[in-house]
Amino acid sequence: AGKHNGGDGYSFFDDSMRQAMIERNQTLRDLKLAVPGNQFELHYQPILDLDSGKITKAEALIRWRHPTRGLISPEIFIQLAEESGQIIEIGEWVFREAAKQAAIWQQSYSPTFQISINTSPLQYRDNGIDINSWCHYLEQLGLTGQAIIVEITEGLLMESSSAVKEKLWHLRDAGIEVAIDDFGTGYSSLSYLRKFDIDYLKIDQSFVSNLSADSEDIALCEAIIVMAHKLGCDVVAEGVEEKDQSQLLKNAGCDFGQGYLFSKPLSASDFTLLLNSPNRPNDSYKDSIDTSP
Ligand code: C2E
Ligand code: MG
Ligand code: MG
Ligand code: MG
């Protein structure tokens, strides 16, 4: 390809490809410095109990405060971190940071408050999460496994390697709850939900964003919710942006909601303000979630 460009056979790609390669390599180099350089931050998005309107959990979402490029989204760097193996170290940092924050909010807000963290399938390989050391860390903070929920992908559940199985079982034994993230976008065997005693299904936002009373998506959400409950899982709807969606989901029996309707992801200090604010969703959503038939 590119020969018709008359050059060395690569000229067709030269600029854009070389530029992309340079940027990628630079990002990879920078990524190595990010944990030691304290450049990661967790932002927190509230998860509301749709019955009470209370914030009972938060999802921790990583951001990279790059020294020159500003705040970088996980969409940009998580895959690179997976390819380079950095994700293991990042995953450990995320766990510890979230655990420290859970200790703070369990003290200041609610003793049952939970923080849900995202994990990469690579963290379930042999050199990945050491659940004993996680338990030890939680203990040092005065926490039990209850403080943390780990979000995994549907795909991980289908991986049959013994390391994966062993780690999932060990998490359960430690009292750490497990959620399937982006449920409905991959494919997972329902029997695995029961087999691993999964605690939560998080319905992917693509099913939530177009919800209306007569849409096929509401039928799909209702079916997921009924099935999940039969299998002993609670359901979290992701990407709830409209009051109508929240109401439809609540009517369908959905347990928890998360999305811009309630709040965007916030820095830890802004999240603390939200928890302490007189207008926190706790109170305001009792009125704004319309409970009339
Ligand atoms: P996710 O776990 O499915 O997280 C939900 C994403 O949807 C977040 O994007 C969140 O900001 C966004 N979101 C929340 N509410 C709404 C809404 O109402 N509307 C819309 N359109 N979007 C909403 P974010 O923070 O950019 O994270 C993207 C993905 O990056 C996450 O998807 C997760 O897969 C991954 N990720 C984030 N943090 C971590 C981490 O610490 N470790 C790993 N391995 N992956 C992470
Ligand atoms: Mg998630
Ligand atoms: Mg998700
Ligand atoms: Mg259960």
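For every chain, the first residue of its written sequence is number 1, and the numbers climb from 1 along that sequence. Working convention: letters from A go to chains and numbers from 1 go to ligands, in the order in which they are written. Reporting of local features is limited, given that this is a predicted model, to residues whose pLDDT is at least 70; pairs of side-chain atoms are given and counted only at 80 or more, and all residues count toward the totals for whole chains, interfaces and linings. Each side-chain value is derived from all of the structure's non-hydrogen atoms; neither hydrogens nor water enter the calculation.

*Asks:* Where do I start with the site of ligand 1 in this structure?
*Replies:* The environment of ligand 1 is formed by 23 residues, the closest being Arg 63, Asn 118, Asp 181, Glu 241 and Tyr 260. Under the rule applied, a polar contact is a pair of N or O atoms within 3.5 Å (in protein, one hydrogen donor and one hydrogen acceptor; residues adjacent in sequence only if both atoms are side-chain atoms). With respect to ligand 1, the side chain of Asp 182 contributes an N or O atom lying 3.0 Å from an oxygen atom. Within the side chain of Glu 238, a nitrogen or oxygen atom sits 3.4 Å from an oxygen atom of ligand 1. All accessibility values rest on the Shrake-Rupley procedure with a 1.4 Å probe; residue burial counts only the protein chains present in the view. Relative to its unbound accessible surface of 800 Å², ligand 1 loses 83% to contact with the protein. Here ligand 1 is seated within the largest pocket. Going through the elements one at a time, strand 2 (55-66), helix 2 (74-84) and strand 6 (177-183) are the ones with two or more residues in the shell around ligand 1. The secondary structure listing takes helices from DSSP runs of H or I that are at least 4 residues long and strands from runs of E that are at least 2 residues long, numbered from the N terminus. Counting residues per element, the shell around ligand 1 draws most heavily on strand 2, at 4 residues. Ten residues, namely Ala, Val, Leu, Ile, Met, Phe, Trp, Tyr, Cys and Pro, are considered nonpolar, four, namely Asp, Glu, Lys and Arg, are considered charged, and the remaining ones, Gly among them, are considered polar. Within the shell around ligand 1, the residues separate by chemical class into 8 nonpolar, 7 polar and 8 charged. One heavy atom within 4 Å of a molecule or strand is enough for the residue carrying it to be called near that molecule or strand. Cavity: a set of points on a 1 Å grid over the protein atoms alone where a 1.4 Å probe fits but cannot get out. Pocket: an open set with protein on both sides within 12 Å along at least five of seven lines, its lining residues, like those of a cavity, having an atom within 4 Å of a point. Should more than half of a molecule's atoms lie within 2 Å of a pocket's or cavity's grid points, that molecule is taken to sit in it.

*Asks:* Just checking my understanding: could you explain unusual backbone geometry for this structure?
*Replies:* For Asn 38, which is not a glycine, the phi torsion comes out positive at approximately 60°. Its place among the elements puts Asn 38 in the loop between helix 1 (14-34) and strand 1 (40-49). With a phi angle near 50°, Asp 182 is a residue other than glycine that sits in the positive phi range. The topology assignment puts Asp 182 in strand 6. Using a relative accessible area of 31% as the deciding quantity, one classes Asp 182 as partly exposed. Each residue is assigned to one of three classes by its accessible area relative to the maximum for its type, calculated with a 1.4 Å probe on protein chains only: buried under 20%, partly exposed between the two thresholds, exposed over 50%.

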